[in-house]
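Geometric and topological summary
The residues making up each chain are set out below.
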Amino acid sequence: MQNQYTAVMKQEDGWWVGWIEEIPGVNCQEKTYEELKDTLEVTLKEALEFNRQDALTAAGSGYREEKIAI
């Protein structure tokens, strides 16, 4: 299963700025549209991995993981 996320992007004052709708805090700024798409993808992957590790650390031991489809 591959998750999909929504990038909101616009050009502003000579820069491309963008956010990932579903994940607060994932936002970037680049000079070109293509650079912005690439940077958003990398930043999203890093944020998801950080959040995953943070959740596992908070859970401690004896936890269960289960995939939830919405």
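Cut-offs used in this document
Residues numbered from 1 in each chain as written. Predicted model: local features only at pLDDT ≥ 70, side-chain atom pairs only at ≥ 80, totals over all residues. Heavy atoms only, no water. Phe/Tyr/Trp six-rings, centres within 6.5 Å; stacked < 30°, edge-to-face > 60°. Helix = DSSP H or I, 4+ residues; strand = E, 2+ residues; numbered from the N terminus. Buried < 20%, exposed > 50% of the residue type's maximum accessible area, 1.4 Å probe, protein only. Lys NZ or Arg CZ within 6 Å of the ring centre and 35° of its normal. Salt bridge = Lys/Arg side-chain N within 4 Å of Asp/Glu carboxyl O.

By the naming in an unreviewed UniProt entry, the protein goes by Type II toxin-antitoxin system HicB family antitoxin and is assigned to Desulfotignum phosphitoxidans DSM 13687.

Taken as a whole and assessed by the stated rule, the structure comprises one aromatic pair. Centroid distance Trp16 to Tyr33: 5.2 Å. Interplanar angle 70°. Geometry classified as edge-to-face. On the criterion of sequence distance, the pair formed by Trp16 in strand E2 (residues 15-20) and Tyr33 in helix H1 (residues 33-59) is long-range, its members being 17 residues apart. A relative accessible area of 34% means that Tyr33 is categorised as partly exposed. Across from the ring centre of Trp15, 4.4 Å away, lies the NZ or CZ of Lys31, which sits over that ring.

Evaluation of the coordinates by the stated rule reveals five salt bridges. With its nearest N and O atoms 3.1 Å apart, the salt bridge here joins Glu41 to Lys45. Residue Glu41 and its partner Lys45 are located together in helix H1, separated by four residues, close to a single helical turn. Note on Glu41: relative accessible area 45%, which makes it partly exposed. Residue classification places Lys45 among the exposed positions, given a relative accessible area of 52%. The salt bridge partner of Glu66 is Arg64, with a shortest N-O separation of 3.9 Å. Residue Glu66 is classed as exposed on the basis of its relative accessible area of 64%. Exposure remark for Arg64: the relative accessible area of 75% places this residue in the exposed category.

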